[in-house]
Amino acid sequence: MTGVLAVCSLLPPPWPELAPLVEESKREGFGFLVRLRREFLDGGNRFDAPGEALLGCRRGAELVAVGGLNRDPYSREPRVGRLRHLYVGAAHRKAGIGRVLVAALVEAARPHFDVLRLRTDTEAAARFYEAQGFAPVSSPHATHRMVLGALNGGPIELRLERCGAPDGGAGSVPRPASSLHPTPGGDSMSIALIQAERDALACLGLLAHAYARFDVPVEYPGESAPSHVLGLNIHAAMVDSADGEVLALERNTIHADGSPLQHGEQRALRTAIARVAVKRPRQPAQAIEGYYRSSMFMGKGTTPADFLDVGATLYTTLEPCPMCASSSLVSRVKRLVFLLPDHKYGGAWNLLKPKFYASDESQYAQLAVAGLGSALADRVGELYGRVLAKADGLRTNGVRDTHFLDFCRDELGEAFEMLRKTTPADLRSAAAGDLRNAATLAGFQRALNMPSA
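Worth saying up front: this structure is predicted, and the values here are computed from it rather than measured. (Residues numbered from 1 in each chain as written. Predicted model: local features only at pLDDT ≥ 70, side-chain atom pairs only at ≥ 80, totals over all residues. Heavy atoms only, no water.)

## A word on the packing of helix H7 (residues 264–279) against helix H10 (residues 322–330)
When two helices pack together, you describe them by how their axes are tilted relative to each other and by the distance separating the axes. Applied cut-off: The convention used is that axes are lines fitted to C-alpha atoms, helices contributing only their stretch in contact, and that angles between N-to-C directions extend from 0 to 180 degrees. Think of it this way: any DSSP run of H or I at least four residues long counts as a helix, any run of E at least two long counts as a strand, and we number them from the N terminus. Relative orientations are named as follows: roughly parallel for angles under 35 degrees, roughly antiparallel for angles over 145 degrees, roughly perpendicular for angles from 65 to 115 degrees, and oblique for any other angle. Two helices that cross are described as forming a left-handed crossing if the nearer one is turned anticlockwise from the farther one by less than a right angle, and a right-handed crossing if clockwise. When checking whether two residues touch, look at their non-hydrogen atoms; a contact exists if any pair is within 4.5 Å. Asp, Glu, Lys and Arg are counted as charged, while Ala, Val, Leu, Ile, Met, Phe, Trp, Tyr, Cys and Pro are counted as nonpolar; the rest, among them Gly, fall into the polar class.
Contact geometry of H7 with H10 gives a least axis separation of 9 Å together with a crossing angle of 20°. Here H7 lies roughly parallel to H10, going by the angle between them. In this structure, H7 meets H10 at a crossing whose hand is left-handed. Of the residues in H10, those touching H7 at Glu265, Gln266 and Leu269 are Met323, Cys324, Ser327 and Ser328. Taken together, the residues of the contact of H7 with H10 break down into three nonpolar, three polar and one charged.

## Observations regarding helix H8 (residues 288–296)
To be explicit about the condition: The buried label applies to any residue whose accessible area, calculated with a 1.4 Å probe on protein chains only, is under 20% of its type's maximum; exposed applies above 50%, and partly exposed to all values in between. As used here, the arc is the angular range of directions from the helix axis to the C-beta atoms.
Buried within H8 we find Gly290, Tyr291 and Met296. Along H8, the residues classed as buried sweep out an arc of 150° about the axis, all on the same side. Here the buried face of H8 lies against H7.

## Quick notes on the layout of surface pockets
Stated precisely, the cut-off is as follows: Using only the protein atoms, space was sampled on a 1 Å grid; points where a 1.4 Å probe fits but cannot get out form cavities, open sets with protein on both sides within 12 Å along at least five of seven lines form pockets, and lining residues are those with an atom within 4 Å of a point. Grid points are joined across faces, edges and corners, and a volume is the space filled by probe spheres set on the points.
When its volume is computed, the largest pocket comes out at roughly 1300 Å³. Contributions of two or more residues to the lining of the largest pocket are made by helix H2 (32–41), strand S4 (80–88), helix H3 (97–109), helix H4 (123–131) and helix H12 (375–396). Of the residues forming the lining of the largest pocket, the biggest block, seven residues, is contributed by S4.

## Some details on empty space enclosed by the protein
Using the criterion set out here, one finds two cavities of 30 Å³ or more in the structure. Each pocket or cavity is described by its volume, and for the largest cavity that value is around 40 Å³. If you go around the largest cavity, the residues you meet are Asn233, Ile234, Thr317, Leu318, Leu340, Asp401, Thr402, Phe404 and Leu405. Broken down by class, the residue content of the lining of the largest cavity amounts to five nonpolar, three polar and one charged.

None of this, on its own, says anything about what the molecule does.
Okay, structure coming up:
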């Protein structure tokens, strides 16, 4: 699989390009794409009501996935949406494409719907949607739902921009500027570009740190899974949104320290708290609670610009466990981004946030690197896609999610070399005048004893 991945609107539907996916889905025993085509052509469902959308993913020139968003016909509430007809071509599965498409559909739903529902008939699909933040429900018309307000505290606008058809001619279709960082207005492309390159650098920094601090698994008699000398190969970083400083870069040390509390996220939070206390200390007239809510890692706002400019982001190689998810919420982290979903211990943030921290304007998401013309982000996205695919295969073979990076030494080494060779000249955001990502690059390289340009 090669080519840059792009999310595009499929309205009006390009039926000749959709035909291979329709036929393949029929052979696999799924009838929903046939129904999509029939209902569109007879006028039963044309995805043209307010808030509705039909999106697809292209890898290079090939249309490889499709998914729809409707107002839920089974609900009387106008602000309940329904995710429908999601299908990824068999040759393109386990590459993160489904995750990117679901993220784009969720963001398209936010301005119009408060709840998003879906129905699936397979256990594998149920696990997939739960990894994207959907929760199981008992309903005759839905198996899963997502409360959209629980993710980032408020609606944001998704504006589609023109995206040429493969031949660049008639039939060109629009695409979102970014699947995770939709357009709030203003200079949307620069906001999405800066965030995409920041996320790409954080991904490289985490994987390179995992390579440099790699802990070889050790077998112990009587144990069902390998142990380690230092701790699990799970790493975390904190990046300050204001200036791009890498506030912390840590790894799991539960075995070296003899403490089950020494998770990478816990260590990163403590290191970052100490750094911020010096960098922007609490003023004498400010209550400590107010400092946590406004100045340490948090700030007001729910637009893409706010998540780019305000507070700090906690990045982690594996979706946080309940302890670390809770700590990030208690610490009022503005944005939390994880690389690999954890099907056993993940998902706690989505349960805790609406119950205990509903008013915090924070965001939780799996990484989705969108290039937006950044060659660096494209390269990182391709490497990240391979790590995701390997993780999916390892999970199928019974490997624990917490041990995935034990088997990714080659990919970690690629990330190390990519980070070592990257210079500020490779950053489109720096060329456009925003130097925060250059500071992030230098911070990761310095932490890993690399010579920075």
